Amino acid sequence: MALRLRSRVAFGTAAVLALAAGIGLALFDRTPTDTTALLALSLPDSSGQPQPLAQWQGKVLVVNFWATWCAPCREEMPEFVRAQNEYGAKGLQIVGIAVDNGDKVQQFAKEIGLNYPALIGGFDAMDLSKDLGNSLVALPFTLVLDRQGKVAYTHLGPVKPDKFRSVITKLL
Amino acid sequence: MDFPPICSGSRPKPRLSVIERAARALAFGAALALALPALGQVHPLSPDKAFLFSAKALDAQTVEARFTIADGYYLYRDKIHFAIDPASGALLTPALPAGKIKQDEFFGRVETYRGSVTVNLAVRNFTPGKPLIIHAESQGCADIGICYPPTTQTATVALPAGSVVPGATEPPKKTWFN
């Protein structure tokens, strides 16, 4: 009986430890949280005015890496426009970082009535996203930072509106 | 007190030692932990695998360049560019064939390639027998809804010495297909 109990305890402990180690490793691997470099970034907006990202610290900050040459990026942006409209007053700030040229960005921003800043980033900015979970350096890539500037959510590909809203409303 | 063995109709399960049980638990836990992040996630290919570039010398002046495009991925026709190294050589890229036409809401008519695409590049002013590096720039997307920035891949080919090699006198092949 004692042996059986001991073996059950051993089984349980080993399983829990292995699971915790695996999840820990997976999280460590998948969700980098150091946003210092990102928040230290200052990029020009589509009119050429430098915009430091630090100005939005304290808000729930959504950083969306995109480009006009990326059709799936353009398709998801109306959802960001709606979210900015609905939650902007509650402290949501969406910021787009376009890996693109200013003219194209300006043209597209006008077409969809963009209501949040569209900053122009080069491939350096994209490389920065690599350190924050975008290992393939592909687009669109979206990061949600909480009010403390920590990464709360990352997503490669178009966000699913329900999931996106549940993430931001929890943080607001 | 000892009991006589009872025949219950089913075979008795082999007893596992504590170590065996712990090992099983460890394997189970590890497998579960590894599987968890995969749930509900897509794992797109890296661009060099999605749009695999290769090149081979057909003769002393011709290099066949090819993109092998994975299922579910596509390349933009107007984003494909080639260059060679050393730059002292000259590279003539023929006009790329028509791709599949797609109406893009922002850019209008765009052409894309799926499956594979090959092109015969004409190389001039290059020393035969020396390695030649082909740089191929491409840009494409995946149907799951992601796009890659322009990517440059390279392939090294050795052009055969001599101006003509067997096969080079054949009529020109259709150089592109989809």
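Undergrad: Could you clarify how one ought to interpret the overall build of chain B in this entry?
TA: A count of helices and strands for chain B gives two helices and 12 strands. Counting from the amino terminus, chain B carries its helices and strands in the arrangement α-α-β-β-β-β-β-β-β-β-β-β-β-β. Looking at chain B residue by residue over its 178 residues, the buried ones come to 22%. The contacts in chain B between residues at least 6 apart in sequence include a share of 71% that link residues at least 24 apart.

Undergrad: Looking at this structure, I do not really get the environment of B:V110. What am I missing?
TA: All names here are of chain B. Take V110: it is sitting in strand β7 (residues 108-113). On the neighbour-count criterion, V110 (18 C-beta atoms within 10 Å) is partly exposed. It is 18 Å that separates the C-alpha atoms of V110 and I69, two residues lying 41 residues apart in sequence. In this structure V110 touches Y76, K102 and D104, once residues within four positions along its chain are discounted.

Undergrad: What am I meant to see in the nonpolar core here?
TA: Looking at soluble globular proteins, one finds that nonpolar side chains tend to be buried together. Judged by nonpolar contacts, the single largest core of 73 residues is most densely connected at A:A98 and A:L139. In this structure, A:L139 is in contact with A:F65, A:W66, A:A67, A:C70, A:C73, A:V99, B:I146 and B:C147, ignoring residues within four places of it in sequence.

Undergrad: I'm lost on the environment of A:I97 in this one. Help?
TA: Looking at where A:I97 falls in the secondary structure, it is placed in strand β4 (residues 92-99). Not counting the four nearest positions on each side in its chain, A:I97 is found in contact with A:L43, A:V63, A:F65, A:L119, A:G121 and A:A125.

Undergrad: What exactly am I supposed to notice about the pairing of strand β1 (residues 51-59) of chain B here?
TA: Side chains on a regular strand alternate between the two faces of the sheet. Pairing of β1(B) with strand β2 (residues 62-69) of chain B involves eight bridges; the strand directions are antiparallel. The residue of β2(B) that forms the bridge with B:L52 is B:T68.

Undergrad: What is the right way to look at the confidence of the model for chain A in this model?
TA: Note that predicted coordinates carrying low pLDDT should not be read in detail. All names here are of chain A. Confidence in the prediction of chain A, expressed as mean pLDDT, is 87, and 81% of residues score 70 or more. Within chain A, the element-level pLDDT minimum falls on helix α1 (residues 2-30), averaging 55, and the maximum on strand β3 (residues 60-66), averaging 98. Here residues 22-30 is modelled with pLDDT under 50, and outside its nearest four sequence neighbours on either side it reaches 11 contacts, counting other chains as well.

Undergrad: Would you explain the pairing of β7(B) in this entry?
TA: Residue and element names in this part refer to chain B. Pairing of strand β3 (residues 73-76) with β7 involves two bridges; the strand directions are antiparallel. Paired with Y76 across the strands is T112, a residue of β7. In textbook terms, the turn of a hairpin is the stretch between consecutive antiparallel strands, and for strand β6 (residues 100-104) and β7 this stretch comprises three residues.

Undergrad: It is not clear to me how the environment of A:G88 should be interpreted in this structure. Could you clarify?
TA: The residue A:G88 is located in the loop between α3 (71-87) and β4 in this model. Looking at A:G88, the number of C-beta atoms within 10 Å reads 14, which means it is partly exposed.

Undergrad: How should the sheet that holds β3(B) be read in this particular structure?
TA: For sheets, the rule is that strands pair by backbone hydrogen bonds, running either parallel or antiparallel. Residue and element names in this part refer to chain B. Spatially, the five strands line up as an open sheet ordered β6-β7-β3-β10-β11, and their pairing is antiparallel. At either margin of the open sheet sits one strand with a lone partner, and together these are β6 and β11 (146-147). Bridging between β3 and strand β10 (residues 140-142) involves three bridges; their strand directions are antiparallel. Each residue of the ladder has a partner; that of L75, found in β10, is G140.

Undergrad: What should I look at first to understand the sheet that holds strand β8 (residues 116-124) of chain B in this one?
TA: All names here are of chain B. Reading across from one edge, β1-β2-β8-β5 is the order of the four strands in this open sheet, with antiparallel pairing throughout. Both outer strands of the open sheet, β1 and β5 (90-92), are each paired with one neighbouring strand and no more. Along the sheet, successive strands turn relative to each other by an average axial angle of 30°, direction set aside. Two strands pair when backbone bridges link them, and β5 and β8 are joined in this way by three bridges, in the antiparallel orientation.

Undergrad: Help me out: how do you make sense of helix α6 (residues 161-171) of chain A in this one?
TA: Each turn of an α-helix holds 3.6 residues, which means side chains three or four residues apart point in the same direction. Residue and element names in this part refer to chain A. Residues of α6 that are buried include every one of F164, I168 and L171, and no others. Taken end-on, α6 shows its buried residues confined to a sector of 60°, consistent with a single buried face. Those residues of α6 that are exposed and angled more than 90 degrees off the buried face are D162, K163, S166 and K170. Looking at the buried side of α6, the elements it contacts are β3, α3, β4, β6 (141-145) and β7 (151-156).

The rules behind these values
- Residues numbered from 1 in each chain as written.
- Chains lettered and ligands numbered in written order.
- Predicted model: local features only at pLDDT ≥ 70, side-chain atom pairs only at ≥ 80, totals over all residues.
- Helix = DSSP H or I, 4+ residues; strand = E, 2+ residues; numbered from the N terminus.
- Buried ≥ 20, exposed ≤ 12 C-beta atoms within 10 Å, placed from the backbone.
- Contact = placed C-beta atoms within 7 Å.
- Core = buried A, V, L, I, M, F, W, Y, C linked by C-beta atoms within 7 Å.
- Pairing = 2+ DSSP bridges.
- pLDDT = per-residue confidence, 0-100.
- Axes fitted to C-alpha atoms, helices over the stretch in contact; angles between N-to-C directions.
- Arc of directions from axis to C-beta.

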